[in-house]
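# Working through the structure, step by step
Read off the chains here:
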Amino acid sequence: MTNRGGTAGAAGRRLRLGMVGGGQGAFIGGVHRIAARLDGRYELVAGALSADPDRAAASAAELHIAPDRAYRDFHEMAEKEAIRPDCVDVVAVVTPNHMHAAPAQAFARLGIHVICDKPLAHRLQDAKDLADTVCRAGIVFGLTHNYTGYPMVRQAREMVAAGELGTVRVVQVEYPQDWLTTRLEETGQKQAAWRTDPTRAGAAGCIGDIGTHAFNLVEFVSGLRCESLVADLSIFVPGRALDDNAHMLLRFASGARGMLWASQVAPGNENALRLRVYGEKGGLEWAQEQPNMLLHTPFNEVPRIVRRASPGASLAAAHASRTPAGHPEGYLEAFAQLYRDLAEQISARIDGRDPDPASLLVPGIEAGLRGMSFIAAAVESSRRDAVWVPINS
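Model, not experiment: these values are computed from the prediction.

Helix 12 (residues 365-383) packs onto helix 9 (residues 206-222) with a crossing angle of 120 degrees between their chain directions and a minimal axis gap of 10 Å. Looking at the two axes, helix 9 sits oblique to helix 12. Crossing geometry of helix 9 relative to helix 12 is assigned as right-handed. Here Ile207, Gly208, Gly211, Thr212, Phe215, Asn216 and Glu219 of helix 9 come into contact with helix 12, specifically with Ala367, Arg370, Gly371, Phe374, Ile375 and Ala378.

Under the counting rule described, the total for this entry stands at six aromatic pairs. Ring centres of tyrosine 147 and tyrosine 175 lie 5.9 Å apart, and the angle between their planes is 80 degrees; on these two criteria the pair is classed as edge-to-face. Here tyrosine 147 is found in the loop between strand 5 (141-143) and helix 6 (151-161), whereas its partner tyrosine 175 is found in strand 6 (residues 168-176), with 28 residues between them in sequence. Residue class for tyrosine 175 comes out buried when judged on its relative accessible area of 2%. Centre to centre, the rings of tyrosine 331 and phenylalanine 335 are 5.9 Å apart; their planes meet at 70 degrees, and the pair counts as edge-to-face. Linking tyrosine 331 with phenylalanine 335, this pair stays in helix 11 (residues 331-351), spanning four residues, or about one helical turn. Under the relative-accessibility criterion, tyrosine 331 is labelled partly exposed at 25%. You can call phenylalanine 335 buried: its relative accessible area is 1%. Following the ring pairs from residue to residue traces out a cluster consisting of Tyr147, Tyr150, Tyr175 and Trp286.

The biggest cluster of nonpolar side chains holds 82 residues, and the ones touching the most others in it are Phe107, Phe141 and Met248. No other element matches the nine residues that helix 9 contributes to this core. Core analysis: the next-biggest nonpolar cluster, separate from the first, contains 25 residues, Met19, Ala36, Leu338 and Ile346 among them.

Within the secondary structure layout, histidine 296 lies in strand 12 (residues 293-298). Accessibility expressed as a relative area gives 6% for histidine 296, which makes it buried. Each residue touching histidine 296, except ones within four places of it in the same chain, is listed here: Met159, Glu164, Leu165, Gly283, Leu284, Pro303 and Arg304.

Moving on, we get to helix 11. End to end, helix 11 covers 30 Å across 21 residues, agreeing with the expected 30 Å (1.5 Å per residue, within 8%). With 15 of its 21 residues buried, helix 11 lies for the most part within the structure. Downstream of helix 11 by one or two residues, glycine 352 has phi in the positive range, about 70 degrees.

Conventions used here
Residues numbered from 1 in each chain as written. Predicted model: local features only at pLDDT ≥ 70, side-chain atom pairs only at ≥ 80, totals over all residues. Heavy atoms only, no water. Axes fitted to C-alpha atoms, helices over the stretch in contact; angles between N-to-C directions. Helix = DSSP H or I, 4+ residues; strand = E, 2+ residues; numbered from the N terminus. Parallel < 35°, antiparallel > 145°, perpendicular 65-115°, else oblique. Left-handed = near helix turned anticlockwise from the far one by under 90°. Contact = heavy atoms within 4.5 Å. Phe/Tyr/Trp six-rings, centres within 6.5 Å; stacked < 30°, edge-to-face > 60°. Buried < 20%, exposed > 50% of the residue type's maximum accessible area, 1.4 Å probe, protein only. Core = buried A, V, L, I, M, F, W, Y, C linked by side-chain atoms within 4.5 Å. Expected span 1.5 Å × (residues − 1).

Written out as structure tokens, the structure reads:
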């Protein structure tokens, strides 16, 4: 095993980025590339961009990747990159769910840092095996729960941790969409096709795709650990193989209680992720479609609206902000924040220094295991007619 943390310093260059998946027609690959470019910390130099060799080659050419670093598959990429003096520093895995763990394993074993789309793996055991490899390799591993990159989400986390809400009692999260209200997967739409296919998406549909984001946001902001859940997973569109709606109750180790609703069959909702946290001293509310605003409601006081980059914004929010007050930031910038923070962590490894502590909020391998355990518990609970099931990770 080669740990790339000891290679030449990164101070005078961009990090060399490789990508697995994300070729022509892949939505999330483009998002990752924009995020990587936004702060100028990475250079895309290698890729195995598609399972189709012709599409992989064409995609690499469009992205100006040199022909000798446009690979047929991730196995070839790992083998050949590992022996190059200018080997990639980090690899982004942006494939469908069933192809997350294997590429991440291949590069982690070589000591190459990994940025992986969520969920962590296709099966819980694959996630556990990957976690073992990551821990043994000692690499930086980032999981792109991109909503944790929003400035006001980080401010909310900081306010809860500082005790501004007092003891947290109730957490409510919802994530409704409407894009799968009909059988879009039958039209040949690529994103719908793999997300509704158990062989590629895994044991859960809506829950694996967006429910994991909602669950991660709950634990990230509240600082609480969910210990068990009751889940009622539904398939409302006839003929669909995986859930397209879910209702859940959550119990936290602290004694707090929560509710989670995720749906991809809720007409009128595009990407309406919303989080509410209530404690003994007050509440917080954040909505992804209006991400630059955080509502703070101290008990028996006038509600306060905290805006990103305003005088009331915290240091955590400032760290994750780029544009002046009044100029909106959103999805791409939040995604880029994870890439920027991971660049700081990786560069610090290469340069032999401590990273900026503010860069350490990116979800990692533990968050990935939590997400997979959440999916497994939800599927089991629903299968058993909505009984309480522990979240084991």
